[in-house]
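Descriptive structure summary
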Amino acid sequence: MNSIYSEQELREMGLKSVGKNTKISRKCSIYMPEKISIGDNTRIDDFCCLVGGEKGINIGSNVHIAHYCLLGGTGGITIKDFAGVSSRTALYSATDDYLGSSLTGPTIPKKYLNVTKGEIVLNKHVIIGTNSTVLPNVTIGEGSAVGAHSLVTKSLAPWGVYVGVPVKRIKDRKKDLLLLEEAFLKEVAEERLNEKC
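Below you will find a few notes about this structure. (Residues numbered from 1 in each chain as written. Predicted model: local features only at pLDDT ≥ 70, side-chain atom pairs only at ≥ 80, totals over all residues. Heavy atoms only, no water.)

What about a negative patch on the surface?
Under the convention used in this document: Note on patches: the residues involved have over 30% relative accessible area and no salt bridge, like charges join within 9 Å, and the nonpolar side chains Val, Leu, Ile, Met, Phe, Trp and Tyr join within 5 Å. Shrake-Rupley sampling with a 1.4 Å probe provides the accessible areas, and residues are treated as covered by the protein chains on show and by no other component. Throughout this description, the term salt bridge denotes a Lys or Arg side-chain nitrogen within 4 Å of a carboxyl oxygen of Asp or Glu. In summary, the charge assignment counts Lys and Arg as positive and Asp and Glu as negative, without counting His or the chain termini. To locate a charge, the coordinates of NZ of Lys, CZ of Arg, CG of Asp or CD of Glu are taken. Counting from the N terminus, the helices are DSSP H or I runs at least four residues long and the strands are E runs at least two residues long.
Residues Glu187, Glu190, Glu191 and Glu195 make up a contiguous surface patch of negative charge. Positionally, Glu191 belongs in helix α2 (residues 177-196).

Some details on the layout of surface pockets
Heads up, the condition is: Here a cavity denotes grid points, spaced 1 Å and computed from the protein atoms alone, that fit a 1.4 Å probe unable to get out, and a pocket denotes an open set having protein on both sides within 12 Å along at least 5 of 7 lines; residues with an atom within 4 Å of a point are the lining. Grid points are joined across faces, edges and corners, and a volume is the space filled by probe spheres set on the points. Residues are grouped as follows: Ala, Val, Leu, Ile, Met, Phe, Trp, Tyr, Cys and Pro are nonpolar; Asp, Glu, Lys and Arg are charged; every other residue, Gly included, is polar.
Put simply, the largest pocket is a space of about 510 Å³. Thr74, Ala94, Asp96, Pro106 and Val115 are, among the 19 residues lining the largest pocket, the residues nearest its centre. Elements with a minimum of two residues in the lining of the largest pocket: β9 (70-72) and β13 (94-95). Quantified by volume, the second largest pocket comes out at close to 250 Å³. Lining the second largest pocket are Lys20, Asn21, Asp40, Asn41, Phe184, Glu187, Val188, Glu191, Arg192 and Glu195. Across the lining of the second largest pocket, the residue classes tally to 2 nonpolar, 2 polar and 6 charged.

Details of the sheet that holds strand β16 (residues 127-128)
Put simply, the rule reads: For two strands to count as paired, DSSP must find a minimum of two bridges between them.
Read from one edge to the other, the open sheet built from 8 strands follows the order β2-β5-β8-β11-β16-β19-β21-β22, with strand pairing classed as mixed. Looking at the sheet topology across the chains shown, the edges are occupied by β2 (23-24) and β22 (168-172). Where strand β8 (residues 64-65) and strand β11 (residues 84-85) come together, 2 bridges link them in parallel fashion. By the bridge assignment, His64 is partnered in β11 with Gly84.

Let's talk about the nonpolar core
Here is the rule: The nonpolar core is taken to be a set of buried Ala, Val, Leu, Ile, Met, Phe, Trp, Tyr and Cys residues, with the residues joined through side-chain atoms within 4.5 Å. Working definition: with a 1.4 Å probe on protein chains only, accessible area under 20% of the residue-type maximum means buried, over 50% means exposed, and in between means partly exposed. Only heavy atoms enter the contact rule, under which two residues are in contact if any of them lie within 4.5 Å.
Of all hydrophobic cores here, the largest spans 35 residues; its most connected members are Ile59, Ile65, Leu71, Ile79 and Ile140. Of all the secondary structure elements, the ones that give two or more residues to this core are β4 (36-38), β7 (57-59), β10 (77-79), β15 (120-122) and β18 (138-140). Beyond its immediate chain neighbours, meaning those up to four positions away, Ile65 contacts Arg43, Ile44, Asp45, Cys48, Ile59, Leu71, Ile79 and Val85.

A short note on the pairing of strand β21 (residues 160-163)
In the case of a regular strand, side chains alternate between the two sheet surfaces. Bridge analysis of strand β19 (residues 145-146) against β21 gives 2 bridges, and the strand direction is parallel. When the sheet's bridge partners are listed, Val146 is paired in β21 with Tyr162. Alignment of β21 against β22, held across 4 bridges, turns out to be antiparallel. The partner of Gly160 across the bridge, within β22, is Asp172.

If you want it as structure tokens, here you go:
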């Protein structure tokens, strides 16, 4: 048996939408697939967990989500084109109150909870390092990189390199990759044109 779902199997799974050449491991757990959209040429590796939730998960094209990642979409998650999420990273678009003013956990009725929900947006060319955590109501600006073992609690400006708990901007990120993106997309367009001829 192939370790990657076929395009037909992905469509039958009931995903909201799925692009071409999308590779998702059979060892990936997907909950509420009807709330999950995935673009072209995206790869999701073994032991990831995607929970569509109320607001859903929208993943663009040419995105890589590495092994053991968690995407909880209760408050909504958007990952734009060419972004990457390294292994053992968690994107929590909802979180319990840890200060003791309410009960916590999924076995407790809502009236006893104080859950914070809010969309997480990883803009184009964002990369998140291994073992990092992103909390609700965070937008990471285009081209920013978050170093390994970091905690993101607030939105980050574009084209920065951020590290730490909580993260701090340590320097600017180069934009050379924009020229590489342009060349890559031109090559893909030429290949498609040649296939049609």
